[in-house]
Amino acid sequence: MMLEVNDVVTAYGKIEALKGVSLSVDPGRITCLLGPNGAGKTTLMYTIAGILRPRRGSVRFDGAELVGETADRVVSRGIALVPENRLVFPHMSVAENLAAGAYLRRDRAAIASDIEALLARFPVLKERRAQQAGTLSGGEQQMLAVARALMSRPRLLMMDEPSMGLAPLIVEQIFAIVEELNRDGITIFMVEQNAHMALKVAHKFFLMEQGKVTFAGAPGDVAEDDVIQRAYLGSAKAR
Amino acid sequence: MGFVDYVQAIIDGLLFGTTYSLIGIGFTLVFGVMQKINMSYAAGSLAGAYCGLVGPQLMGLPPWSVFPLSIAASGVIGYLIYLTCFRFIPLASPLATLMSTVGMLLLLDEIIVHSTAGMPQNYPAIYDGDPIEIGDFMLRADLVGVFLVCVVAMAVLLALLYRTRLGMATRAVAQQPVAAQLCGMRLQAVNGLTFVIAGLLGGVAGAMIGASVGMLSPLIAGPITVKGLIVTVIGGLGSIPGAIVAGLMVGAAENLFQALRNVTERDIYVMLLLFVFLVVRPGGLFSGRGHD
């Protein structure tokens, strides 16, 4: 187990968004977290990343406890989150956004070469390297958010709804990138509402509903599980 | 009063206006990273300038020592304001920091009044040379000094913001605090440092105001707080270029109104200027957040 989430409860005031979530992410694989709006998926991502503090439970990364650590400590341990809605720095250039992603690194030369390598990997960004990130299209911003997260050289890349609001062609590109990164050895933990696409790339998945994990399995099992079929596959929301 | 006098008034106003620009930038910096107004900012800057006087008056240091001491003291006060009025205050409540900083404004004012028995204190000029004459116009040498110091302070700030790692963190937190944390930036450290930077700038402004007026008085705190806020609003909350331009504008306008009417009516027209901006261009000259 690379990441082990155990009985995590995170609350906003009196409302518990996570009511005892347990799941695990295997090293070198793609793990997807599915579930409807309001299930608590983003809350879980922010809890793991150290932005939100859980009321109880534990999050272990390579055996070390992350609960109680600040977000910068989580990043330095090797976890990067591509947040929901991308959250690029709108008034910074593409290149500056990437440099910001390497904030905790001190190896200037390696940072510069990583920026070039990522710009080569994402040609749309290379064309716009001096452009303000706020002027990019949604798909370009998503690529930038992924590239920015990679700048910290994470071992575990978490992605929160990378396909949200993007055209089908761009969504395909994003998933192709996810698979490529995984082949390069980065472990992926991804939240997705697009169950169709997610189950194509995932090795393992969890289903979350109303703050709890209600199903866990591998994509092959899905056809049998009519809960998922009814709720996600082929529904209007899944597209 | 002829045309030449009015132009002269505008020139003097522009030179002195750079101090307003600095105060405006200080308000805007803190607003940029925290989306909060620090009402005690101008009072803290003035308090810093008062602390600078300790050097020559009580420690026997040379008169020029007052400037670096004022700036450093104001930076420290900036951090103390962060600790007392922001760090442990619930930021979700829009009124909480407003109340805490207004309280700090009054406290600083009281401390100044009590420690000086309310008497104005002489403050050295930055440079006392002969005025520079250009045709019909005259540049007051001390005001030129004030202008240059303020411009250098702005240049240092911009270099800090756009050329250093710390500056990047400040801009990142201002533009997208959650993403900044995900990049490994520590919100509270960046916030605290922003207060120190704003404080240092305020120290420069406080010292230069003292240097051009020739003295410090507790009576200055109120007007510079108000002028600073006017500059921030006219420039557009969160915009540094806006604060610079608006500071010059308010400085020039105030001096022109003073020449056209007189000193007692001057601030009425500055307020009218603010009113016009709020009606015609409520977002300020450079509207939009996060430009820093």
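Residues numbered from 1 in each chain as written. Chains lettered and ligands numbered in written order. Predicted model: local features only at pLDDT ≥ 70, side-chain atom pairs only at ≥ 80, totals over all residues. Heavy atoms only, no water.

S.K.: Let's hear about helix 1 (residues 41-49) of chain A: which residues, and what values?
M.R.: Residue and element names in this part refer to chain A. Most of helix 1 is tucked away: nine of the nine residues are buried. All of the buried residues along helix 1 are Lys41, Thr42, Thr43, Leu44, Met45, Tyr46, Thr47, Ile48 and Ala49. Phi turns positive one or two residues past the end of helix 1, at glycine 50, with a value near 90 degrees. (Buried < 20%, exposed > 50% of the residue type's maximum accessible area, 1.4 Å probe, protein only. Helix = DSSP H or I, 4+ residues; strand = E, 2+ residues; numbered from the N terminus.)

S.K.: Run through the interface of chain A and chain B, naming residues and quoting values.
M.R.: Taken together, the contacts link 22 residues of chain A with 19 residues of chain B. Counting the surface lost from both chain A and chain B, the interface buries some 1,900 Å², and carbon and sulfur atoms represent 65% of this. Contact with chain B buries surface across chain A, with Phe89(A), His91(A) and Tyr103(A) losing the most and accounting together for 35% of the total. Counting across the chain A and chain B interface gives one salt bridge. A salt bridge links Arg171(B) to Glu96(A), with the shortest nitrogen-to-oxygen separation between them at 2.6 Å. Counting the contacts that link chain A with chain B gives three residue pairs in polar contact (both at pLDDT 80 or more). For the side of chain A that touches chain B, the secondary-structure elements that each account for two or more residues are helix 1, helix 2 (71-77) and helix 3 (94-101) of chain A. Broken down by element, the side of chain A that touches chain B gets its largest block of residues, four residues, from helix 3 of chain A. In the side of chain A that touches chain B, the residues fall into 16 nonpolar, two polar and four charged. (Contact = heavy atoms within 4.5 Å. Buried area = accessible area lost by both parts, 1.4 Å probe. Salt bridge = Lys/Arg side-chain N within 4 Å of Asp/Glu carboxyl O. Polar contact = N/O pair within 3.5 Å; in protein donor to acceptor, adjacent residues only side chain to side chain. Nonpolar A, V, L, I, M, F, W, Y, C, P; charged D, E, K, R; others polar.)

S.K.: Just give me the short version of the packing of aromatic side chains, but keep the residues and values in it.
M.R.: Applying the stated criterion across every chain, the model contains eight aromatic pairs over all chains. Aromatic pair Phe16(B) and Tyr20(B): ring centres 5.4 Å apart, planes at 75 degrees, arrangement edge-to-face. Separated by four residues within a single helix, Phe16(B) and Tyr20(B) lie in helix 1 (residues 3-34), roughly one turn from each other. Comparing Phe16(B) with Tyr20(B) shows no difference in burial state: the two are buried. Aromatic pair Phe257(B) and Tyr269(B): ring centres 5.4 Å apart, planes at 40 degrees, arrangement tilted. Here Tyr269(B) lies in helix 12 (residues 263-280) and Phe257(B) lies in helix 11 (residues 240-260), a separation of 12 residues in the sequence. An aromatic cluster of three or more residues is present, and its members are Tyr79(B), Tyr82(B), Phe86(B) and Phe195(B). Directly above the ring of Phe89(A) sits Arg148(A), whose terminal nitrogen or CZ lies 4.9 Å from the centroid. (Phe/Tyr/Trp six-rings, centres within 6.5 Å; stacked < 30°, edge-to-face > 60°. Lys NZ or Arg CZ within 6 Å of the ring centre and 35° of its normal.)

S.K.: Please provide a residue-by-residue account of a nonpolar patch on the surface, values included.
M.R.: A contiguous nonpolar patch, built from Ile268(B), Leu272(B), Phe275(B), Val276(B), Val279(B) and Val280(B) and spanning about 590 Å² of accessible area, is present on the exposed surface. Mapped onto the elements, Leu272(B) comes out in helix 12. (Patch = residues over 30% accessible without salt bridge, like charges linked within 9 Å, V, L, I, M, F, W, Y side chains within 5 Å. Areas by Shrake-Rupley, 256 points an atom, 1.4 Å probe, with all protein chains shown as cover.)

S.K.: An account of the domain arrangement of chain A is requested, with residue identities and associated values reported.
M.R.: All names here are of chain A. Assigned domains within chain A: domain 1 (1-36 + 48-78 + 158-172 + 185-239) and domain 2 (88-153). For domain 1 and domain 2, the distance between their C-alpha centroids amounts to 25 Å. In this complex, domain 1 contributes nine residues to the contact, which on the side of domain 2 involves seven residues. Roughly 560 Å² is buried in total at the junction of domain 1 and domain 2, and carbon and sulfur atoms are behind 80% of that figure. Inspection of the region where domain 1 meets domain 2 yields zero salt bridges. Taken together, domain 1 and domain 2 are joined by zero residue pairs in polar contact (both at pLDDT 80 or more). Residue composition of the side of domain 1 that touches domain 2, grouped by class: six nonpolar, one polar and two charged. (Domains from an automatic or database assignment.)

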